[in-house]
Amino acid sequence: MFATYLIGLREGLEATLVVSILIAFLVKSQRRDRLPQVWAGVGAAVALSVVFGSLIQYTSTSLLRTSESREFFEAVTSVAAVVFVTWMIFWMRKAARSIAGELRGKLTEALAVGSLAVAGMAFLAVVREGLETALIFYAAAESVAGGTGAGSLLALIGGIVTAVVIGFGLYRSALKINLSRFFTWTGALLILVAAGILKYGVHDFQEAGVLPGLNDQAFDISATLDPNAWYGALLAGMFNITAAPTVLELVAWVAYAVPVLVLFLRKPAQPAQPAQPAQPAQPAQPAQPVEPARPAATPAEPAPVDAAAVPSPRA
């Protein structure tokens, strides 16, 4: 049940963050009159997700008559769920920094169009998470004992409720958590969950007769990993790790989990900074003309003697 709780927590928090970004933008833009349209779009997305999940369950239990067809259907949904989980994890890591700006830009365009556009934008922003949650929940719940029973459904709802509480706390700035670290840890755990779902899908393909090797066990460690013990049930419920897998199940689990974990945990390469263009050399300033030396001052000429001023000799 922890796997379904983790799915509800992860997908629910992504949807909650999207809704909180939309609401915060409308509140800061003084457009509270558009909040009912946002909630209408969110409600429609949730309703469609519930209908989609019910349709998957109804198809598996009522429309498919033979066990082989049910096994094949569960195998196909398991592989589809693994594809969606992998895409969602890597998309969230890439778009986490720009999602807020993109949502604000789309909402600005929707506000200019009208109320239906606002509701439609909120619907599209949330429905993807809801449809993914329904598909992944079905595949994860079917891969463990109990299937999509009350316990798995309650665990999923508990994860969603926890996500809503965390999202509301972030919106009110009451909680300060490192979302990057949160999505990294939950993404790594979901990769292991997806590996278990893929392993279960391979087993269903084998039971449906599509893949061979149903009786070819890779190993049997039932004496060490007791499936009836609490730790055996925990590993089987979280990551579908069993004591006696087939060769193809083991190959599928390892071939998916190891490379995807390495790629996910590897730090993305930082884009190279463009080289700064060299500054052009400043032209040399022309030499200032040297001012010629002034000629030396000539000696002053003797002042002319005034004859009237010279006393005459007495006779």
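What counts, and where the lines are drawn
- Residues numbered from 1 in each chain as written.
- Predicted model: local features only at pLDDT ≥ 70, side-chain atom pairs only at ≥ 80, totals over all residues.
- Heavy atoms only, no water.
- Helix = DSSP H or I, 4+ residues; strand = E, 2+ residues; numbered from the N terminus.
- Buried < 20%, exposed > 50% of the residue type's maximum accessible area, 1.4 Å probe, protein only.
- Contact = heavy atoms within 4.5 Å.
- Areas by Shrake-Rupley, 256 points an atom, 1.4 Å probe, with all protein chains shown as cover.
- Expected span 1.5 Å × (residues − 1).
- Core = buried A, V, L, I, M, F, W, Y, C linked by side-chain atoms within 4.5 Å.
- Polar contact = N/O pair within 3.5 Å; in protein donor to acceptor, adjacent residues only side chain to side chain.
- pLDDT = per-residue confidence, 0-100.
- Axes fitted to C-alpha atoms, helices over the stretch in contact; angles between N-to-C directions.
- Parallel < 35°, antiparallel > 145°, perpendicular 65-115°, else oblique.
- Left-handed = near helix turned anticlockwise from the far one by under 90°.
- Nonpolar A, V, L, I, M, F, W, Y, C, P; charged D, E, K, R; others polar.
- Phe/Tyr/Trp six-rings, centres within 6.5 Å; stacked < 30°, edge-to-face > 60°.
- Lys NZ or Arg CZ within 6 Å of the ring centre and 35° of its normal.

J.: Looking at this model, I keep getting lost on the overall build of the chain. Mind explaining?
T.: Along its length, the chain carries 9 helices and 0 strands. Taken from the N to the C terminus, the helices and strands of the chain come in the order α-α-α-α-α-α-α-α-α. A total of 315 residues make up the chain; the buried ones form 40% of that total. The long-range fraction of contacts in the chain, counting pairs at least 24 apart against all pairs at least 6 apart in sequence, stands at 80%. Accessible surface, the chain: about 19,100 Å² in total, of which carbon and sulfur atoms supply 66%.

J.: What's the story with the environment of valine 126 in this structure? I'm lost.
T.: Mapped onto the elements, valine 126 comes out in helix 5 (residues 115-142). Along the primary structure valine 126 and valine 19 are separated by 107 residues, whereas in three dimensions their C-alpha atoms are 7.7 Å apart. In this structure valine 126 touches Ala15, Val19, Val42 and Ala45, once residues within four positions along its chain are discounted.

J.: Is there a simple way to explain helix 2 (residues 35-63) in this structure?
T.: Note on helix geometry: an α-helix contains 3.6 residues per turn, so any two residues three or four positions apart are oriented the same way. Across its 29 residues, helix 2 extends 40 Å between first and last C-alpha, which sits within 8% of the 42 Å expected from 1.5 Å per residue. Among all positions of helix 2, only Leu35, Val38, Gly41, Val42, Ala45, Ser49, Ile56, Thr59 and Ser60 are buried. Contacts from the buried residues of helix 2 go to helix 1 (2-28), helix 3 (67-95) and helix 5.

J.: Would you mind showing me how to read the nonpolar core here?
T.: Burial of nonpolar side chains together is a common tendency in soluble globular proteins. By size, the foremost hydrophobic cluster in this structure holds 36 residues, and its most contacted members are Ile89, Leu190, Ile191, Val193 and Tyr256. Contributing elements (two or more residues each) for this core: helix 1, helix 3, helix 5, helix 7 (179-207), helix 8 (230-239) and helix 9 (247-265). Ignoring any residue separated from it by four or fewer positions in sequence, one finds valine 193 in contact with Ala3, Leu6, Met238 and Phe239. If you look at the next biggest cluster of nonpolar residues, it comprises 25 residues, including Val18, Ile21, Ile99 and Ala125.

J.: Sorry, what's going on with the side chain of arginine 10 here?
T.: Topologically, arginine 10 is positioned in helix 1. Residue arginine 10 is classed as buried on the basis of its relative accessible area of 1%. Side chain to side chain, arginine 10 and glutamate 14 meet in a polar contact 3.0 Å long.

J.: What is the right way to look at the confidence of the model for the chain in this model?
T.: Residues shown with low pLDDT carry predicted positions that ought not to be read at fine detail. In the predicted model, the chain carries a mean pLDDT of 79, and the fraction of residues at 70 or more is 81%. The lowest-confidence element of the chain is helix 8, averaging 78 in pLDDT; the highest-confidence one is helix 9, averaging 94. Confidence drops under a pLDDT of 50 for residues 296-315, and excluding neighbours within four residues, the segment shows 1 contact in the predicted structure.

J.: Looking at this structure, how should I read the packing of helix 7 against helix 9?
T.: Following both chains from N to C, one finds helix 7 and helix 9 inclined at 160°, their axes separated by 9 Å at the closest point. On the basis of the axis angle, helix 7 is roughly antiparallel to helix 9. Between helix 7 and helix 9 lies a crossing of right-handed hand. When the residues that make up the contact of helix 7 with helix 9 are grouped by side-chain class, the tally is 17 nonpolar, 5 polar and 2 charged.

J.: What am I meant to see in the packing of helix 5 against helix 6 (residues 150-171) here?
T.: Axes are the key here: two packed helices are described by the angle between their axes and the distance separating the axes. Where helix 5 meets helix 6, the axes come as close as 11 Å, and the angle between the chain directions of the two elements is 140°. By the angle between their directions, the pair helix 5 and helix 6 is classed as oblique. Read as a crossing pair, helix 5 and helix 6 show a hand that is right-handed. Listed contacts from helix 6 to Thr133, Phe137 and Ala141 of helix 5 are Ser152, Leu153 and Leu156. Here the contact of helix 5 with helix 6 is composed, by residue class, of 4 nonpolar, 2 polar and no charged.

J.: Got a minute to help me understand unusual backbone geometry in this structure?
T.: Trans is the prevailing form of peptide bonds, just as negative phi is the prevailing case for residues other than glycine. In this model, glutamine 30 sits at a positive phi of 60°, which is unusual for a non-glycine residue. Examined against the element boundaries, glutamine 30 turns out to sit in the loop between helix 1 and helix 2.

J.: Please clarify how the packing of aromatic side chains should be interpreted in this entry.
T.: We describe a pair of aromatic rings using the distance from one ring centre to the other and the angle between the two ring planes. Tallying each qualifying case throughout the model produces 5 aromatic pairs. On the numbers, 5.8 Å between centres and 90° between planes, the contact of phenylalanine 90 with phenylalanine 264 is edge-to-face. On the criterion of sequence distance, the pair formed by phenylalanine 90 in helix 3 and phenylalanine 264 in helix 9 is long-range, its members being 174 residues apart. On the numbers, 5.4 Å between centres and 75° between planes, the contact of phenylalanine 182 with phenylalanine 183 is edge-to-face. Each member of the pair, phenylalanine 182 together with phenylalanine 183, is buried. We note arginine 128 situated over the ring of tryptophan 91; from NZ or CZ to the ring centre the distance is 4.4 Å.

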